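# Working through the structure, step by step
The residues making up each chain are set out below.
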Amino acid sequence: MQHAVGSPLPPPHQPGHGPATGWSPAAHHPGAPPPGAVPQGAVPPGAMPPAPGFTGGPPPHTAHAPGPAPVPHAPAAPQPPQHGQPPQHAQHPPQAPPGPGPVHPAPDSTGHIQLPPGGPVVMPSPPPGTAQADTGATTLAVLLIGPAGAGKTSVAKYWAEHRRVPTAHISLDDVREWVRSGFADPQSGWNDHSEAQYRLARRTCGFAARNFLANGISCILDDAVFPDRPAVGLGGWKRHVGPGLLPVVLLPGLEVVLERNAERSGNRRLTDEEVARIHGRMAGWYGSGLPIVDNSHLDVPATARVLDDVLSRAIASPPQW
């Protein structure tokens, strides 16, 4: 039985039965006949070659006598073309287009940026010789301490905004007030609940500062750290940020603190009695070895310049705390 050029040959079958079960032309590659199949253009053993000019298909009124199934054998070599018939060429299947290669992101696309993990902040190296450290171009971790009304937050914001290197400002009071429901306001009384929220806010500030510093961003924090209360003392800040933290105390006179506190509103405004009590306890920083700035007669920009001078000296001779 002859078939058109290019179509796969079905397996032999007995007369009166259809093709073998499960056979599909698409399952056989036209360019690589399976073992036992007769290549295209070849004449099966015992069969007559096609007549000249015959292009395929069964001849009319042709009957085939039943016979045994052919025994599988090695593929026969292609027969030379008959006289007057053009040579047959092997049919090659169309090549599939190449699969997609690795996708490279566009130059302006945002990919995964590996950030270095935060670690304990170390003390910056002092400049060689007698040169003064340039704090405006040095990556620092600073803790601004002072009573309510000392100007900690205002000075810290200004100092961070006017440096030549990236600098972040973190206020512990702001982080503590992230708790919107169930906030333990220290003005309502200092207890286990308010102390736990303070400790959590301090640890959060320290974690943020360490990550900022690990990625080349300086950080200035502000908090009313008491010298006589270990729970809210410097030990926790040193533990959460690292030994390179530079603490500086802002301690203006009581009259200035009371005046600034009167300009506040909401839960940031304290009673005069509370302000006087906190200010008196902050006086314990005198004699501690920490640098203290009396900004009673300094505005915010002037206090920020004094802060730079104090930090430059602290880098050259770190305070012992």
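In what follows, the accompanying structure is described. (Residues numbered from 1 in each chain as written. Predicted model: local features only at pLDDT ≥ 70, side-chain atom pairs only at ≥ 80, totals over all residues. Heavy atoms only, no water.)

### Considerations on the overall build of the chain
- Scanning the chain from N- to C-terminus turns up seven helices and five strands.
- Taken from N to C terminus, the helices and strands of the chain fall in the order β-α-β-α-α-β-α-β-α-α-β-α.
- By the burial criterion, 31% of the 321 residues in the chain qualify as buried.
- Sequence-distant contacts, at least 24 apart, represent 79% of the contacts inside the chain between residues at least 6 apart.
- Approximately 19,600 Å² of the chain is accessible, and the part contributed by carbon and sulfur atoms is 59%. (Helix = DSSP H or I, 4+ residues; strand = E, 2+ residues; numbered from the N terminus. Buried < 20%, exposed > 50% of the residue type's maximum accessible area, 1.4 Å probe, protein only. Contact = heavy atoms within 4.5 Å. Areas by Shrake-Rupley, 256 points an atom, 1.4 Å probe, with all protein chains shown as cover.)

### Some remarks on the pairing of strand β3 (residues 218-223)
- Here β3 lies mainly inside the structure; six of its six residues are buried.
- Side-chain alternation along β3 places Ser-218, Ile-220 and Asp-222 on one buried face and Cys-219, Leu-221 and Asp-223 on a second face that is also buried.
- As paired strands, strand β1 (residues 141-145) and β3 are joined by five bridges and run parallel to one another. Following the sheet pairing, Ala-141 is matched in β3 by Cys-219.
- Relative to β3, strand β2 (residues 167-171) runs parallel, the two being bridged by five bridges. (Pairing = 2+ DSSP bridges.)

### Some thoughts on the pattern of salt bridges
- Tallied over the entire structure, the rule returns four salt bridges.
- Here Arg-199 and Glu-195 are joined by a salt bridge, their closest N and O atoms 3.2 Å apart. Here Arg-199 and its partner Glu-195 are both found in helix α3 (residues 192-214), four residues apart, which amounts to about one turn of the helix. (Salt bridge = Lys/Arg side-chain N within 4 Å of Asp/Glu carboxyl O.)

### A closer look at the side chain of Thr-303
- Here Thr-303 is to be found in helix α7 (residues 300-316).
- The exposure class of Thr-303 is buried, given its relative accessible area of 1%.
- In contact with Thr-303, not counting residues within four places along its chain, are Val-155, Leu-250, Asn-295 and Leu-298.

### Regarding the layout of surface pockets
- Volume-wise, the second largest pocket comes out at about 770 Å³.
- Every residue lining the second largest pocket is counted, 31 residues in all, and those nearest its centre are Asp-173, Arg-176, Ala-224, Leu-270 and Ile-278.
- Breaking the lining of the second largest pocket down by element, the ones donating at least two residues are α1 (152-161), α2 (172-176), β3 and α6 (272-282). (1 Å grid on protein atoms, 1.4 Å probe; cavity = no way out; pocket = protein on both sides within 12 Å on 5 of 7 lines; lining within 4 Å. Points joined across faces, edges and corners; volume = space filled by probe spheres on them.)

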